[in-house]
Amino acid sequence: MKQAVDGTDERQTYYVSETAKIGSNCDIRHGVIIEDDVVIGDNCFIGEYTFLRRGVHIGNNVDIRQFCYFAEEAKVGSYIKIFQYSNIAKWTVIEDFVYIGARVLMVNTRRIAFMREYKLDIKGPHIKRGARIASGAVILPAVTIGENALVGMAALITKDVPDRQIWFGVPAIKRGNVPEAECISENLAKSKNRK
Amino acid sequence: MKQAVDGTDERQTYYVSETAKIGSNCDIRHGVIIEDDVVIGDNCFIGEYTFLRRGVHIGNNVDIRQFCYFAEEAKVGSYIKIFQYSNIAKWTVIEDFVYIGARVLMVNTRRIAFMREYKLDIKGPHIKRGARIASGAVILPAVTIGENALVGMAALITKDVPDRQIWFGVPAIKRGNVPEAECISENLAKSKNRK
Amino acid sequence: MKQAVDGTDERQTYYVSETAKIGSNCDIRHGVIIEDDVVIGDNCFIGEYTFLRRGVHIGNNVDIRQFCYFAEEAKVGSYIKIFQYSNIAKWTVIEDFVYIGARVLMVNTRRIAFMREYKLDIKGPHIKRGARIASGAVILPAVTIGENALVGMAALITKDVPDRQIWFGVPAIKRGNVPEAECISENLAKSKNRK
């Protein structure tokens, strides 16, 4: 069922489903696992031991570091960086130009139905264009992080963060606004290369 | 001393000690490491890159996801789910029907004797039947989480949580009670399959 | 470019750059990745799946557990323990006799320049001799943790911790002083073996 694909040297041995589609000029590192129906665009880097579950979609110029976990059907745009150990929940939506630091934790349900009878409302977070999430943040399910919003280190985000606001703390509250000069400019973004 | 055991396809290459015992109908994924004297029951799933240290015991119908770390002699019951990146301390006891989310952190000593002369009181947490621990929680050593208790996301648990109570926050305090309808029923639990 | 080096049994297959230097009596475990120009001293243990980026320097008698990530050019002294999942930032300096628990998170910039024009001030934390950092702590960039200081579990360290002080909380504040008897003694330390 599965095929092993070997890269150009010993560090690049990874496992990719034969139903996955990987674009051109990608660098897939040692120990990466890519399940069925994953789609990866062009110019992407997938760091060592990162795991992409079934149906994950990733755009172009995306840089994902080591030990990350992407649950089923997470959708990731283009021009994005995601650092080591980050956990992206099922059905998360991440728009273009988003930055996600190390060890960011996202989940997809507020309730735990394990061995119980009730039905879950499962929904991942929605991270909008140009948002920046610092390392160690924890994002509850179904939360929207607004355009160009900034989430501080180790923040616990329990509700929606409006566009261009700065939130941190446990639980996080509004702490300020992102200055105009730090909002993503489409021209700037398009002119940049990923590395 | 150690033997390499290859699964049925390329994704299932893992390392298991020859003194480990693995039950029937288990699915052991790529990169898993199972040390000496580990015992795993029937119908278990061990996700990619998870590490079971010497003497870990796991019951039946246990679903452990990717990148978990079980320290020496942790004891895990049956009908349990443990999500990715969770760290189970040495001598932790986890009873039946427990749910542990992603990136839960448990430790086994409040003091750090490293390079110091004093003796440590080492003891893992004790998670009782039907308890649910949400993702990102941190559990101090020697703490008991009561039956059917519920620990919230990213909570820091520094003392015992009584049966059926809901605790969250940093540090966590009591926030409510688990409704009767969400307490585990033995009949319900036994009638369920793990998947 | 890279060479695969196989250990003495199946668990010890790791990848090491040919420009890395590894001392005598080291135990490098399965899945470890060691990049260019890494230097490791004598009597070191590198646990399964740990990743040492380019230019990391590690002294003697250092015990690093599983799933750790050391960013480029982190400098680590001698007689040190670092537990599983810890993330050591670029240019971090860790002096001798330091203890770092599990899942400690260090970063190297307070600002996120991703796709923005401004210049970053990049600097890792500096952890001084004999300091102890408990599991789950998050350390901001350019912070100094003083000699023999003690950082509590899951603390968020946003500013310098003076020598011999105890800090914890989110954000952490001073909570006490480390007793004289728990300060590292050079004679004691030198007389100890790593295991």
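Calculation notes
- Residues numbered from 1 in each chain as written.
- Chains lettered and ligands numbered in written order.
- Predicted model: local features only at pLDDT ≥ 70, side-chain atom pairs only at ≥ 80, totals over all residues.
- Heavy atoms only, no water.
- Contact = heavy atoms within 4.5 Å.
- Buried area = accessible area lost by both parts, 1.4 Å probe.
- Salt bridge = Lys/Arg side-chain N within 4 Å of Asp/Glu carboxyl O.
- Polar contact = N/O pair within 3.5 Å; in protein donor to acceptor, adjacent residues only side chain to side chain.
- Helix = DSSP H or I, 4+ residues; strand = E, 2+ residues; numbered from the N terminus.
- Nonpolar A, V, L, I, M, F, W, Y, C, P; charged D, E, K, R; others polar.
- Buried < 20%, exposed > 50% of the residue type's maximum accessible area, 1.4 Å probe, protein only.
- Pairing = 2+ DSSP bridges.
- Least-squares fit on C-alpha atoms with pLDDT ≥ 70 in both.

S.K.: When you look at the interface of chain C and chain B in this model, what are you seeing that I'm missing?
M.R.: Interface size is commonly expressed as the accessible area that is lost once the parts come together. Taken together, the 34 residues of chain C in the interface contact 31 residues of chain B. When the two sides are added together, the surface that chain C and chain B hide from each other amounts to roughly 2900 Å², 67% of it contributed by carbon and sulfur. Summed over the shared surface of chain C and chain B, the result is 1 salt bridge. For B:Arg111, the salt bridge goes to C:Glu182, with nearest N and O atoms at 2.4 Å. Between the two partners, chain C and chain B, sit 11 residue pairs in polar contact (both at pLDDT 80 or more). Of all the elements in the fold, those that place two or more residues in the side of chain C that touches chain B are strand S13 (80-82), strand S19 (132-133) and helix H1 (186-191) of chain C. Looking at the side of chain C that touches chain B residue by residue, the class counts come to 18 nonpolar, 7 polar and 9 charged.

S.K.: Mind showing me how you'd approach the side chain of A:Glu72 here?
M.R.: Residues and elements named next belong to chain A. Mapped onto the elements, Glu 72 comes out in the loop between strand S11 (69-70) and strand S12 (75-76). For Glu 72, a relative accessible area of 15% gives the class buried. Contacts of Glu 72, omitting those with residues within four sequence positions, involve Arg 53, Arg 54, Lys 90 and Trp 91.

S.K.: Can you walk me through the sheet that holds strand S7 (residues 45-46) of chain C in this structure?
M.R.: Strand-to-strand pairing in sheets goes through backbone hydrogen bonds, with the strands running parallel or antiparallel. Pairing in this open sheet of 9 strands is mixed, and the strands run S4-S7-S10-S13-S16-S19-S22-S24-S25 (chain C) from one edge to the other. The open sheet terminates on both sides in strands that have one partner only, identified here as strand S4 (27-28) and strand S25 (172-177) of chain C.

S.K.: What is the right way to look at the interface of chain B and chain A in this model?
M.R.: At the junction of the two partners, chain B supplies 34 residues and chain A supplies 31 residues. At the surface where chain B touches chain A, the tally comes to 1 salt bridge. At the boundary of chain B and chain A, one finds 11 residue pairs in polar contact (both at pLDDT 80 or more). Taken together, the elements giving at least two residues each to the side of chain B that touches chain A come down to strand S13 (80-82), strand S19 (132-133) and helix H1 (186-191) of chain B.

S.K.: Explain the relation of the copies chain C and chain B here, please?
M.R.: Between the two copies of this chain, the relationship is a rotation about some axis together with a displacement along it. Turning chain C through 120° and shifting it by 0.0 Å along the axis lays it on chain B, with an RMSD of 0.0 Å. Taken together, the rotation and translation relating the two chain copies correspond to the operation of a three-fold axis. If distances are taken from each C-alpha of chain C to the rotation axis, the shortest is found for C:Val170, at 4.3 Å. Comparing interface residues between copies, only 15% of those in chain C also sit at the interface in chain B, which points to a heterologous contact through distinct surfaces.

S.K.: Would you mind showing me how to read unusual backbone geometry here?
M.R.: Most peptide bonds take the trans configuration, and most residues that are not glycine carry a negative phi. Of note, the amide linkage connecting A:Val170 to A:Pro171 takes the cis form, showing an omega dihedral of -5°. In this model, A:Arg164 sits at a positive phi of 65°, which is unusual for a non-glycine residue. Take A:Arg164: it is sitting in the loop between strand S23 (156-157) and strand S24 (165-169). Positioned with a positive phi, B:Tyr79 is a non-glycine residue whose angle comes to about 55°. Tracing the chain through its elements places B:Tyr79 in the loop between strand S12 (75-76) and S13. With relative accessibility at 18%, the residue B:Tyr79 sits in the buried group.

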